[in-house]
Amino acid sequence: MTSAKGRAVERAEAARLLGLFLDAGAEPVETAILQPADTLLDLYGEDIRARAFTTQGPDGEAMLRPDFTVPVVQMHMENGGDPARYAYAGEVFRRQPADADRPSEYVQVGFELFGGERAETDAECFALFHRIVPGARIVTGDIGILTAAVRGLTTSPARKTALMRHIWRPRRFRTLLDRYAGKTALPEHRRALLEAADPFAGAGPEIGLRDRDDVAARIEALRADAAEPPIPATEVEIVDEILDMRAGSASALSRLRDLAVDLPALVDAVEGLAARLDALDRAGIAPADLPFEGSHGRSTMEYYDGFVFSISHPGRPELPPVATGGRYDALTRALGGGRAAPAVGGVVRPALTLEAPSC
């Protein structure tokens, strides 16, 4: 939709969607197109960092707005973080792969909800998108269940930190989990280095940014990690079962409760899912019919830390989701100077609501 007529139609659709969010009690807000990259870019995660358009602004490195949520959260937390609802519409900018037939600039319309009880506001937000966004392929998930599983593993804090950092990079996460479980061995050259009495013997002159003390500290950390016992196989199996889970939400809840018996760290997150499903049921969305995937959300924004959802056109796998969203409480803490607020929201692409689904 690149013609002038097409852009006008897209903007009219954006105005219609924005009106629906305003009717739901949201306050309209705007954010600057040029955003400070040095303070915000790291909050988006690796994928968006690689796709952001950056430049030099009057106050340092800047970027064209890649989404609205982060600057809206920043605005909200600077204003006190009280309960609020916001809606917005405007262009966002992201680099696209050379072989992808997708625009680097497109319109995004969104709704953000701050405050309230988490299960109820998760349900309210999702029910709003469910009602106004076309599309028959719905997927939900909960990043909080996966992070709770990682935090509950019987292993060192350093290993848990590494796994948490790579939750949104599935291949790297898999490599680390297999290594920590003892399924794969250290590369020969690394094992030889760690077993050497003097790892600096025969080393050449110091080059690069790391000095000898930095390298020595890194070697000691690697030695400590190599001495760690493997993560118990039963716990790895639980993580794998969560990642492989694809079921109706009611069935998924039942199975997750079974898993929590063997990994008690899951209990709070699983009961949070139960409370959300009850709230969704009260909103008229039957849990038994709502798809749940344990790995859903690992390819979206890295600031999501709980409930996640996407709505897509059926039979149109070449298109991005029409709408995505989720909970991002930790983002409010990062931008609130240690203060946090419950927060959930979502975005919709009006250009995609105009696409004809294929049923």
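Everything that follows concerns the structure shown earlier in this document.
Cut-offs and rules
- Residues numbered from 1 in each chain as written.
- Predicted model: local features only at pLDDT ≥ 70, side-chain atom pairs only at ≥ 80, totals over all residues.
- Heavy atoms only, no water.
- Salt bridge = Lys/Arg side-chain N within 4 Å of Asp/Glu carboxyl O.
- Buried < 20%, exposed > 50% of the residue type's maximum accessible area, 1.4 Å probe, protein only.
- Axes fitted to C-alpha atoms, helices over the stretch in contact; angles between N-to-C directions.
- Helix = DSSP H or I, 4+ residues; strand = E, 2+ residues; numbered from the N terminus.
- Parallel < 35°, antiparallel > 145°, perpendicular 65-115°, else oblique.
- Left-handed = near helix turned anticlockwise from the far one by under 90°.
- Contact = heavy atoms within 4.5 Å.
- Nonpolar A, V, L, I, M, F, W, Y, C, P; charged D, E, K, R; others polar.
- Expected span 1.5 Å × (residues − 1).
- Polar contact = N/O pair within 3.5 Å; in protein donor to acceptor, adjacent residues only side chain to side chain.
- Pairing = 2+ DSSP bridges.
- Phe/Tyr/Trp six-rings, centres within 6.5 Å; stacked < 30°, edge-to-face > 60°.
- Lys NZ or Arg CZ within 6 Å of the ring centre and 35° of its normal.
- 1 Å grid on protein atoms, 1.4 Å probe; cavity = no way out; pocket = protein on both sides within 12 Å on 5 of 7 lines; lining within 4 Å.
- Points joined across faces, edges and corners; volume = space filled by probe spheres on them.

Enquirer: I'd like a description of the pattern of salt bridges, backed by residues and values.
Expert: Evaluation of the coordinates by the stated rule reveals 15 salt bridges. Salt-bridge contacts for D329 lead to R327; the nearest nitrogen and oxygen are separated by 2.8 Å. Residue D329 shares its accessibility class with R327, and that shared class is buried. Each of R118, D122, D142, R276, R327 and D329 takes part in salt bridges that share partners, so that together they form one network.

Enquirer: Mind laying out the packing of helix α11 (residues 233-244) against helix α12 (residues 249-262), listing which residues take part and the relevant values?
Expert: As a packed pair, α11 and α12 sit with axes 11 Å apart at the nearest point and diverge in direction by 165°. Classified by the angle their axes make, α11 and α12 are roughly antiparallel. At the point where α11 passes α12, the crossing takes the left-handed sense. Contact residues: I238, E241 and I242 in α11; R255, L256, L259 and D262 in α12. Taken together, the residues of the contact of α11 with α12 sort by class into four nonpolar, no polar and three charged.

Enquirer: How would you sum up helix α5 (residues 118-132)? Please name residues and give values.
Expert: Since the α-helix turns once every 3.6 residues, residues separated by three or four places project in the same direction. For α5, built from 15 residues, the straight-helix expectation of 21 Å at 1.5 Å per residue is met to within 8% by its first-to-last C-alpha distance of 22 Å. For α5, the set of buried residues is A119, T121, D122, A123, C125, F126, A127, L128, F129 and I132. Put simply, E117 is the residue that caps the front of α5, since its side-chain oxygen is 3.1 Å from the backbone nitrogen of A119.

Enquirer: Report on the pairing of strand β7 (residues 137-142), specifying residues and quantitative values.
Expert: Taking burial as the measure, the six residues of β7 include five buried ones, the bulk of the element. Summarising the sheet, β7 and strand β10 (residues 307-312) pair through six bridges and their orientation is antiparallel. Paired with G141 across the bridge in β10 is V308.

Enquirer: Give me the lowdown on the sheet that holds strand β4 (residues 60-64), citing residues and values where you can.
Expert: On the basis of which strands lie adjacent, the open sheet formed by three strands has the order β2-β4-β3 and antiparallel pairing. Pairing within the sheet leaves two strands with one partner each, and these edge strands are β2 (34-36) and β3 (54-57). Taking each pair of neighbouring strands and ignoring which way they run, the sheet shows an average axis angle of 45°. For β3 and β4, the ladder comprises four bridges, and the chain directions are antiparallel. Paired with T55 across the two strands is A62, which belongs to β4.

Enquirer: Would you mind going over the environment of R159 in detail, with residue names and values included?
Expert: Tracing the backbone shows R159 in helix α7 (residues 157-165). Here the side chain of R159 touches Y180 through a polar contact of 3.4 Å, landing on its backbone oxygen.

Enquirer: Break down the packing of aromatic side chains for me, citing the residues and quoting the values.
Expert: Remark: the centre distance and the inter-plane angle together describe each pair of aromatic rings, the angle taken between the planes. As enumerated under the stated definition, the model contains 11 aromatic pairs in all. Judged by centre distance (5.3 Å) and plane angle (75°), the ring pair of F126 and F309 falls under edge-to-face. Residue F126 is found in helix α5, and its partner F309 is found in strand β10; the two are separated by 183 residues along the sequence. Across the pair, exposure class does not vary: F126 and F309 are buried alike. Taking the centre distance of 5.8 Å and the plane angle of 35° together, the rings of F307 and F309 count as tilted. Taking the ring centre of F173 as reference, the NZ or CZ of R298 above it sits at 5.1 Å.

Enquirer: I'd like a description of the layout of surface pockets, backed by residues and values.
Expert: Taken as a whole, the largest pocket spans an internal volume of roughly 1000 Å³. Contributing to the lining of the largest pocket are 46 residues, with S299, T300, M301, P321 and T324 lying nearest its centre. The element best represented in the lining of the largest pocket is helix α3 (residues 46-51), accounting for four residues. Split into classes, the residues belonging to the lining of the largest pocket amount to 17 nonpolar, 15 polar and 14 charged.

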